[in-house]
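Chain and residue survey
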Amino acid sequence: MVATDKEKQFLQIQDVVKDFDGHRAVNHANVDIAKGEIFALLGPSGCGKSTLLRMLAGFETPTSGRILLNGVDLATLPPYERPMNMMFQSYALFPHLTVWENIAFGLRREGQPKDRIAERVEAMLKLVQLGKYAQRKPHQLSGGQQQRVALARSLAKQPQLLLLDEPMGALDKKLREQTQIELVNIIEQVGVTCVMVTHDQEEAMTMATRLAIMSEGRFLQVGAPSEIYETPATRFVADFIGNVNLMDGTLTVDEPDHVVIDCADCRHFVGHGITGTEGMPVTVALRPEKIHISHHQPAEHEFNCAPGKIKELSYFGMFTVYHVVLPSGALIKVSVANTQRHRDESYTWGDEVWVHWSRSAHVVLTQ
Ligand code: ATP
């Protein structure tokens, strides 16, 4: 089903700025978020993601710009009248109330009829699969179960928008991975639109339909996880998401479709699709898994390859990461899937090798 313009522009963040005593925490943020999306705000500490989330919730007021939900300017609504709910990292469950009472809390405060409350709480317990824990207190639950109660409570009032502030922050790594999938399944079942804040890139990549990479209050790039990983727009984004090798060089345009980048250790043949001027400084970003390693010099060796020596290797089970020192002393990381490795191909510390990659492996960055 094709989304209508209204559905594509369910939540609109329009040129939003937030200043605190002369410090700009959010700097002209712009994005349209579609109905049913899970949208993540991702960036390092202090980049402004919580401030933006708090403006959506109404806990902070934008210095300028507008936020519209379903076409309604949220500036006209105080926090308690906004059709949204926020789930905090700490879950903020009431310790003296049972799971059932925690989920019912918001509905009771609204003065909803008893049978309606019971119906919603039962539906939420079923959704998060905690029916048999209804009479327990939060301290009698595991971290993951507490998180599901907090989610059930946030969804009980059927918000149009769910705000998640570091939703996995309190969970350990293994539980986080499992819970990320559970949470996405629940959010998708309910169909609620979701904005989440996280500084954990894996979490954002796993859970979000799209994400905004923030730095110093600005959106550097907005896109689907694969788009951001495969085609980062800036050096910061390339470096922030996943592992990457960054090589600085200069552009040479021999002919319109013969673009070459000269770096210290190698020449990259980029081909067409790059606009730039002769001698322009650029950065080439290469993901470690897109680089191949071999004992022999590749047949086509003028471009996209370099000799080196294995300095370190780390075995991760599914793949091995090799740190190869290039002639200039620069290190390049190469990740080789162990399933794909040929049995007679083995590399160890000190081996003289060649690293090489196809020209589609490049991302050329100009900023
Ligand atoms: P973290 O991941 O550490 O929570 P963040 O990306 O969520 O960081 P924010 O909390 O939004 O960042 O803060 C952005 C900037 O605004 C920071 O420099 C912070 O010090 C500043 N800031 C946030 N709230 C206030 C406030 N109430 N008064 C003054 N400055 C603030």
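Analysis parameters
The residue numbering used here restarts from 1 in each chain and proceeds along that chain's sequence as written. The predicted origin of the model limits local features to residues at a pLDDT of at least 70 and limits the giving and counting of side-chain atom pairs to 80 or more, whereas totals for whole chains, interfaces and linings rest on all residues. Note on pairing: DSSP must find at least two bridges between two strands before they are called paired. Here a helix means four or more residues in a row that DSSP labels H or I, a strand means two or more in a row labelled E, and each is numbered from the N terminus. Remark: residues whose backbone-derived C-beta atoms lie within 7 Å of one another are considered to be in contact. Axes, fitted as lines to C-alpha atoms, cover a helix only where it is in contact. Angles between the N-to-C directions of the axes lie from 0 to 180 degrees. Under the definition applied here, buried Ala, Val, Leu, Ile, Met, Phe, Trp, Tyr and Cys residues are grouped into a nonpolar core through C-beta atoms within 7 Å. To sort residues by burial, count the other C-beta atoms lying within 10 Å of each one's C-beta; a count of 20 or more means buried, 12 or fewer means exposed, and anything in between means partly exposed. C-beta atoms are built from the backbone. Domain start and end points were adopted from an automatic or database domain assignment. In the scheme used here, Gly and all other residues not listed as nonpolar or charged are polar, with Ala, Val, Leu, Ile, Met, Phe, Trp, Tyr, Cys and Pro taken as nonpolar and Asp, Glu, Lys and Arg as charged. One less than the number of residues in a helix, times 1.5 Å, gives the span that helix is expected to have. Throughout, the arc means that of the directions going from the helix axis to the C-beta atoms.

The protein chain appears in an unreviewed UniProt entry as Spermidine/putrescine import ATP-binding protein PotA from Rubrivivax benzoatilyticus.

**Some points on the sheet that holds strand S1 (residues 11–20)**
What the four strands build is an open sheet, ordered S2-S1-S4-S5; its pairing is antiparallel. Edge positions in the sheet fall to strand S2 (23–33) and strand S5 (72–73), since each has one partner strand and no second. With five bridges connecting them, S1 and strand S4 (residues 64–69) associate as antiparallel partners. Opposite Val17, over in S4, you have Ser64 as the bridge partner. Against the sheet, helix H2 (residues 49–57) contacts S1, S2 and S4, and its axis sits at roughly 60 degrees relative to S2.

**Section: the nonpolar core**
Counting residues in hydrophobic clusters, the biggest one holds 92 residues, and the most contacted among them are Ile103, Leu162 and Val195. Among the elements that make up this core, the one with the highest residue count is helix H5 (residues 143–156) (six residues). Of the domains in this structure, domain 1 (5–236) and domain 2 (243–365) are the two that each give at least three residues to this core. Not counting residues within four places of it along the chain, the set of residues in contact with Val195 comprises Ile33, Phe39, Leu41, Leu53, Leu56, Leu161 and Leu163.

**Focus: the domain arrangement of the protein chain**
Taken domain by domain, the protein chain comprises domain 1 (5–236) and domain 2 (243–365). The gap between the C-alpha centroids of domain 1 and domain 2 is 39 Å. With four residues of domain 1 in contact, the opposing surface of domain 2 contributes five residues. Its residues assigned to classes, the side of domain 1 that touches domain 2 comprises one nonpolar, two polar and one charged.

**Re the environment of Ser360**
For Ser360, the location among the structural elements is in the loop between strand S19 (352–356) and strand S20 (363–365). You can call Ser360 exposed: it has 9 C-beta atoms within 10 Å. Taking the C-alpha atoms as reference points, Ser360 and Lys290, 70 residues apart in sequence, are found 9.2 Å from one another.

**Structural notes on the pairing of strand S6 (residues 84–87)**
Side chains Met84 and Met86 project from S6 onto one buried face, and the interleaved Asn85 and Met87 project onto a second face that is buried too. Pairing geometry for S6 and strand S7 (residues 161–165), over four bridges, is parallel. From the neighbouring strand, Met87 faces S7, where its bridge partner is Leu164.

**Thoughts on helix H4 (residues 114–127)**
The end-to-end C-alpha distance of H4 is 20 Å, a good match for the 20 Å that 14 residues give at a rise of 1.5 Å each. Listing the buried residues of H4 in full gives Ile117, Arg120, Val121, Met124 and Leu125. Burial along H4 is one-sided: seen end-on, the buried residues are contained in an arc of 135 degrees. Along H4, the residues that are exposed and aim more than 90 degrees away from the buried face are Asp115, Arg116 and Lys126. Where H4 is buried, its residues touch helix H3 (99–109) and H5. Gln129 lies just past H4 and shows a positive phi near 55 degrees.

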